[in-house]
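Next come the chains, spelled out residue by residue.
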Amino acid sequence: MGSITLEKVSKSFGEAAVIPSIDLEIKDGEFVVFVGPSGCGKSTLLRLIAGLEDVTSGKIIIDGKDATDRAPAERGLAMVFQSYALYPHMSVRNNIAFPLKMAGVDKAEIDRKIADAARVLNLTDYLDRKPRQLSGGQRQRVAIGRAIVRQPSAFLFDEPLSNLDAALRVNMRLEISELHQQLKTTMIYVTHDQVEAMTMADKIVVLNRGNIEQVGSPLELYRNPRNLFVAGFIGSPKMNLLTGSAAKAFGAHTIGVRPEHMILSMDSGEWKGQVLVAEHLGADTYLHVDVDGIGSVTARGGGDFPAKAGDMVYLSVDKNRVHKFNEGGLAV
Ligand code: ADP
Ligand code: MG
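Since the model is a prediction, treat every value here as computed from it, not as a measurement. (Residues numbered from 1 in each chain as written. Chains lettered and ligands numbered in written order. Predicted model: local features only at pLDDT ≥ 70, side-chain atom pairs only at ≥ 80, totals over all residues. Heavy atoms only, no water.)

Draft legend 1. Region of interest: the pairing of strand S6 (residues 77-80). The alternating pattern of S6 places Leu77 and Met79 on one face and Ala78 and Val80 on the opposite face, and all of these are buried. When S6 meets strand S7 (residues 154-158), the two strands line up parallel, connected through 4 bridges. Counted as the bridge partner of Ala78 is Phe155 from S7. (Buried < 20%, exposed > 50% of the residue type's maximum accessible area, 1.4 Å probe, protein only. Helix = DSSP H or I, 4+ residues; strand = E, 2+ residues; numbered from the N terminus. Pairing = 2+ DSSP bridges.)

This is the structure we're talking about:
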C-alpha cells in the first residue's frame, strides 16, 4: 500500500510562504513526478511528505491514516537523494544492509533481501566493492538498493540523477522506470527536467512558486496545457508563444505553437522569415527563424531539410494544433 493524500498543506520558513496551500492525491502504485523550475518548492514538498520538515498547516494522509505528526521512520517511506550518501568505508553489501541491521533484522533475512535487491539492480557482482570502486550510476543503484530492502510503501526521489552525465542519466531513467514496473510501489520523483518528467511519470505535477499549476499525464499536459506556464514548461524545444498580429488572427491574446506543429517550406507558406540558426540533429532539423512582423520562431523540419543560416524559409501553422490563451494566461 502506498497512497498519499495532501490536504491544504502549507509551509512557511519565517515570513516566506514557500508552499501556500497544496491539495494532491497520489494513488497506490503511481509514478508521480513533481517538476518545476529551481526554487519552486519541489524538495520542500517532498521533505514534508517524508516528515523531514513539519507542515505549517494542513494534513498528510498515508494509506488512509493521518501521518502529519508521525516521525520520518514511522511513515514507511524511503528517500533517495541526489548525493548518494553512501558510507565510503563500507562495502556495497554493508551499505545496503545498514538500515536492516539498525532495525535488528536477523542475518539470514538480511542476506536474502540483499540478494534480491542486488539482482533487481544488477549489483550482484559488486557487493564486495567499496563505493569509490563504482561508477556514478552504480553508486546511485546502491543508494536505491538501500531503500528497496526496507520495502517502503513509497519511494521518494529528489533529483537522483542530477550528478550523472547525460548518457548515464538516460540509462538510469530507464532503470528506474523498469524498477517501478517490477516493484509496482508508489514512487514520487522530483526533477527540474521536464524530459525526465515526460518519460517517467504516470502523473506529472507541475509546480511554480509553491503552487500546483496543473496535474495530468504527460500527454494531457502536452496536448492541453491549462495556462502559459505549463505551455512553456512542458515540451522541448519550447512552444512558441506569440502575441500581437499572429495571435489576433486567431482571436486570442497569445497563441502557442509547438516547433513540431509548424509546417516548413523553402518555397511558400503563411509566414516568411530568415533563418538565424539551423540545428541539424540528423533525425530532425530545428530552425530558429526571424519571421517578418512576428519575431523569433522555432520550427522543426525533417532531418534532410536543406535550410542553413541566412536562407529565407516559409512557415505555416497547423491550425488544429494552435493553443489559444486569454489575457490572464489561461487556455481558452
Ligand atoms: P526546489 O527543490 O524546487 O529547487 P526548494 O524546495 O529547495 O526548491 O526551495 C523552495 C524555496 O524555499 C526556496 O526559495 C528556498 O530558498 C526556500 N527554502 C528551502 N528550505 C529552506 C529553509 N530550511 N529555510 C529557509 N528557506 C528555505
Ligand atoms: Mg530541490
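Draft legend 2. Just the packing of helix H4 (residues 136-148) against helix H5 (residues 166-183), in detail. Two elements in contact, H4 and H5, have axes separated by 11 Å at closest approach and are oriented at 20 degrees. Classed by the angle they form, the pair H4 and H5 counts as roughly parallel. Considering the relative orientation of H4 and H5, their crossing is right-handed. Mapping the contact onto sequence places Gly136, Gly137, Gln140, Arg141, Ile144 and Ile148 in H4 and Leu168, Met172, Glu175, Ile176, Leu179 and Leu183 in H5. Looking at side-chain class alone, the contact of H4 with H5 contains 7 nonpolar, 3 polar and 2 charged residues. (Axes fitted to C-alpha atoms, helices over the stretch in contact; angles between N-to-C directions. Parallel < 35°, antiparallel > 145°, perpendicular 65-115°, else oblique. Left-handed = near helix turned anticlockwise from the far one by under 90°. Contact = heavy atoms within 4.5 Å. Nonpolar A, V, L, I, M, F, W, Y, C, P; charged D, E, K, R; others polar.)

Draft legend 3. Spatial organisation of the site of ligand 1. Around ligand 1 sit Phe13, Val18, Pro37, Ser38, Gly39, Cys40, Gly41, Lys42, Ser43 and Thr44, and that is every residue in its neighbourhood. Between ligand 1 and Ser43, the relevant distance is 2.8 Å, taken from an oxygen atom to a side-chain nitrogen or oxygen of the residue. Compared with its free state, where it exposes 570 Å², ligand 1 has 54% of that area covered by protein. For the shell around ligand 1, the element with the highest residue contribution is helix H1 (residues 42-50), accounting for 3 residues. Grouping the constituent residues of the shell around ligand 1 by class yields 4 nonpolar, 5 polar and 1 charged. (Near = heavy atom within 4 Å. Polar contact = N/O pair within 3.5 Å; in protein donor to acceptor, adjacent residues only side chain to side chain. Areas by Shrake-Rupley, 256 points an atom, 1.4 Å probe, with all protein chains shown as cover.)

Draft legend 4. The nonpolar core, seen in detail. Grouped together as the largest cluster of nonpolar side chains are 43 residues, with contacts concentrated most on Ile96, Ile144, Phe157, Ile176 and Tyr189. When residues in this core are grouped by element, the largest group, 5 residues, is from H4. Not counting residues within four places of it along the chain, the set of residues in contact with Ile144 comprises Val80, Leu121, Phe157, Met172, Ile176 and Leu179. Of all hydrophobic cores here, the second largest spans 26 residues; its members include Leu6, Leu46, Ile49 and Val205. (Core = buried A, V, L, I, M, F, W, Y, C linked by side-chain atoms within 4.5 Å.)

Draft legend 5. Spatial organisation of the sheet that holds strand S9 (residues 203-208). Reading across from one edge, S6-S7-S8-S3-S9-S10 is the order of the 6 strands in this open sheet, with mixed pairing throughout. In this open sheet, the two edge strands, each paired with only one partner strand, are S6 and strand S10 (211-216). Sheet twist, expressed as the mean angle between neighbouring strand axes with direction ignored, is 15 degrees. Two elements, strand S3 (residues 31-35) and strand S8 (residues 186-191), share 5 bridges in a ladder whose sense is parallel.

Draft legend 6. Spotlight on H4. Between the first and last C-alpha of H4 there are 18 Å, a value that for 13 residues agrees with the 18 Å anticipated at 1.5 Å per step. The element H4 is largely enclosed, with a buried count of 11 among its 13 residues. Residues of H4 that are buried in the fold lie against S6, helix H2 (92-102), helix H3 (107-120), S7 and H5. (Expected span 1.5 Å × (residues − 1).)

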